[in-house]
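# Architecture at a glance
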Amino acid sequence: MNKMFAHQIGRNVQVYIDDMLVKSRREDGHLDDLKGTFNTFRSYNMKLNSSKCRFRVTAGKFQGFMVSQRGEELFLYLVVSPTAISVALVKEEDRVQKPVYSTSQALQGAEERCPLMEKLAFALVIATHKLKPYFQAHTVVVLTKKPLQQAMSNPEAARRMAL
C-alpha cells in the first residue's frame, strides 16, 4: 500500500497496513483526490470491499484517532527542568488523553544555563525532529501560556538551538 500511494501519502492519503483514509484540505478538491485514489487502485487491479467503505465522513474514529474536519489532532506537551527536557505526544479519546509517544533528553553544559523560554523552544525543535512522521501526518496542537513564538523568532536563540 505504501508503494502504491507513495505520491499521495502525506498529502491526501494516510495508509495503515490495509486501512486507508483519503482526506482533502478543501471540500471542492475532494472529488479530485478520490479520483486519483481510485485510479491508483485501478492501475494495480485492486478492488475495495464496499461493506468496509465509508464516504462523506466529517468526524469519527480512524485507527484510534479522532478525525474531524480539522483532521487528526494530537496534543504536544513540553516539560522543562534545569537538567532535562521532555516531550509527550497524546491523543484524546472519549475525553481521556492517551500517550502516543514520549521522549526526553538530558541537558548538558551551556544547554543547562539557557533561559526557560529557550529550553522550551529547544524542546519543540527536538520534538519536530524526533516526531517528524507525526507532525507530517497529523495536526499537532501546542498549547502554552508562554510566549514560545517569540523565543522561536529570536535569531540568537535560533542559532544556539540549531541542530
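Residues numbered from 1 in each chain as written. Predicted model: local features only at pLDDT ≥ 70, side-chain atom pairs only at ≥ 80, totals over all residues. Heavy atoms only, no water.

### Focus on the overall build of the protein
Here is the rule we go by: Comment: elements are numbered from the N terminus, with helices defined as DSSP H or I runs of at least four residues and strands as E runs of at least two. Burial classification: accessible surface area is computed with a 1.4 Å probe over protein chains only, and a residue below 20% of its type maximum counts as buried, one above 50% as exposed, and the rest as partly exposed. Here, Shrake-Rupley sampling with a 1.4 Å probe gives the accessible areas, and only protein chains in the shown set may cover a residue.
The helix and strand tally for the protein stands at five helices and eight strands. Helices (α) and strands (β) of the protein occur, in sequence order from the N terminus, as β-β-α-β-β-β-β-β-α-α-β-α-α. A total of 163 residues make up the protein; the buried ones form 30% of that total. In the structure as shown, the protein presents an accessible area of about 11,200 Å², 53% of it carried by carbon and sulfur atoms.

### Quick look at helix α1 (residues 30–43)
The criterion, for reference: A helix is expected to reach a length of 1.5 Å times the quantity of its residues less one. Taken from the helix axis, the directions to the C-beta atoms give the arc we talk about.
Look at α1: 20 Å from first C-alpha to last across 14 residues, which is about the 20 Å you get at 1.5 Å a residue. Within the sequence span of α1, burial applies to D33, L34, T37, T40 and F41. For α1, the buried positions fall inside an angular range of 120° around the axis, keeping them on one side. Opposite its buried face, α1 presents the exposed residues L31, D32, R42 and S43, each directed more than 90 degrees away.

### As for the nonpolar core
Filter applied, for reference: The criterion is simple. A nonpolar core is a set of buried Ala, Val, Leu, Ile, Met, Phe, Trp, Tyr and Cys residues joined through side-chain atoms within 4.5 Å. Any two residues having at least one pair of non-hydrogen atoms within 4.5 Å are treated as being in contact.
Counting residues in each nonpolar core, the largest one holds 16 residues, and the members touching the most others are L76, L78, I85, V87, L131 and L148. Per element, the largest residue contribution to this core is seven residues, and it comes from helix α2 (residues 116–130). Apart from the residues lying within four places of it in its own chain, the contact partners of I85 are V79, V80, T103, S104, Q105, L107, K119, F122, A123 and I126. Listed in part, the seven residues of the second largest apolar core include V13, V15, L34 and F41.

### Quick notes on the confidence of the model for the protein
Close inspection of predicted coordinates is inappropriate for parts of the model with low pLDDT. Definition in use: pLDDT expresses, on a scale from 0 to 100, how confident the predictor is about each individual residue.
On average, residues of the protein score 78 in pLDDT, and 76% of them are at 70 or above. The spread of mean pLDDT over the elements of the protein runs between strand β4 (residues 65–68), the lowest at 54, and strand β7 (residues 96–106), the highest at 89.

### Notes on the side chain of Q8
Inspection of the secondary structure puts Q8 in the segment before β1 (13–16). Judged by relative accessible area, Q8 falls into the buried class, the value being 2%. In this view, Q8 contacts V13, D33, G36, T37 and T40; residues no more than four positions away in its chain are not counted.

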